[in-house]
Amino acid sequence: SSGINAEYGEDRLSVLSDEKASLSKELEKTRTTLNEIAQEHSHLLYQQEKKNNRKWEDDAEVKFCKACFKEFGVSLRKHHCRNCGAIFCDECSQFRSSTPASKAKVRVCGPCNKELNP
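Right, let's walk through the structure included here.

Each value, and the rule that gives it
Residues numbered from 1 in each chain as written. Predicted model: local features only at pLDDT ≥ 70, side-chain atom pairs only at ≥ 80, totals over all residues. Heavy atoms only, no water. Helix = DSSP H or I, 4+ residues; strand = E, 2+ residues; numbered from the N terminus. Buried < 20%, exposed > 50% of the residue type's maximum accessible area, 1.4 Å probe, protein only. Contact = heavy atoms within 4.5 Å. Areas by Shrake-Rupley, 256 points an atom, 1.4 Å probe, with all protein chains shown as cover. Disulfide = S-S within 2.5 Å.

**Considerations on the overall build of the chain**
Then step 1. When you go through the chain residue by residue, the secondary structure sums to two helices and four strands.
Then step 2. In the chain, buried positions account for 22% of the 118 residues.
Then step 3. Across the chain, the fraction of contacts at a sequence separation of at least 24, relative to all contacts at a separation of at least 6, is 31%.
Then step 4. When the accessible surface of the chain is summed, it comes to about 9300 Å², and 54% of that surface belongs to carbon and sulfur atoms.

Right, here's the structure in full:
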């Protein structure tokens, strides 16, 4: 009788040990997933903050293209990127894309084009 109880106890201990190992692996996967979600959340908060701080640049204050640094004048016109609000020359704002503010395709700069069309 005591041999049967000892054998049952060893079997039960083995089952519990296997369950513990399985649960430990599952816990580690869950921690890894939670860490990935936290990193993505942080990235999204950063991106949202960046978008919230975009301002439409004042034409009078901008003398040079933000990308190529060519000086604006009679023959080089200013164009606002409809996503970030910065001012670029025609060549540097030649991209067209829908934005969070517009479903229609509008003029955007190169960096915003990459951001909006990864």
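**Here's the deal with the state of the cysteines**
Then step 1. Within the structure shown, the criterion is met by zero disulfides.
Then step 2. A disulfide-free cysteine, Cys 68 has its sulfur positioned 3.7 Å from the sulfur of Cys 65, the nearest such atom.
Then step 3. Judged by its relative accessible area of 28%, Cys 68 is partly exposed.
Then step 4. Of all cysteine sulfurs in the structure, the one in Cys 89 sits closest to Cys 92, which takes part in no disulfide; the separation is 3.7 Å.

**Comments concerning the environment of Asp 59**
Then step 1. The topology assignment puts Asp 59 in the loop between α1 (2–52) and β1 (79–80).
Then step 2. Judged by its relative accessible area of 37%, Asp 59 falls in the partly exposed class.
Then step 3. It is 7.6 Å that separates the C-alpha atoms of Asp 59 and Ile 87, two residues lying 28 residues apart in sequence.
Then step 4. Non-local contacts of Asp 59, meaning those with residues more than four positions away in its chain, are made with Lys 78, His 80 and Ile 87.

**Thoughts on the environment of Val 108**
Then step 1. For Val 108, the position within the fold is in strand β4 (residues 102–108).
Then step 2. Here Val 108 falls in the buried class, since its relative accessible area comes to 0%.
Then step 3. Spatially, the C-alpha atoms of Val 108 and Ser 93 are 5.4 Å apart, while their sequence positions differ by 15 residues.
Then step 4. Sequence-distant contacts of Val 108, that is, excluding residues within four places in its chain, are made with Cys 81, Arg 82, Asn 83, Ser 93, Gln 94, Phe 95, Arg 96, Ser 97, Thr 99, Asn 113 and Leu 116.

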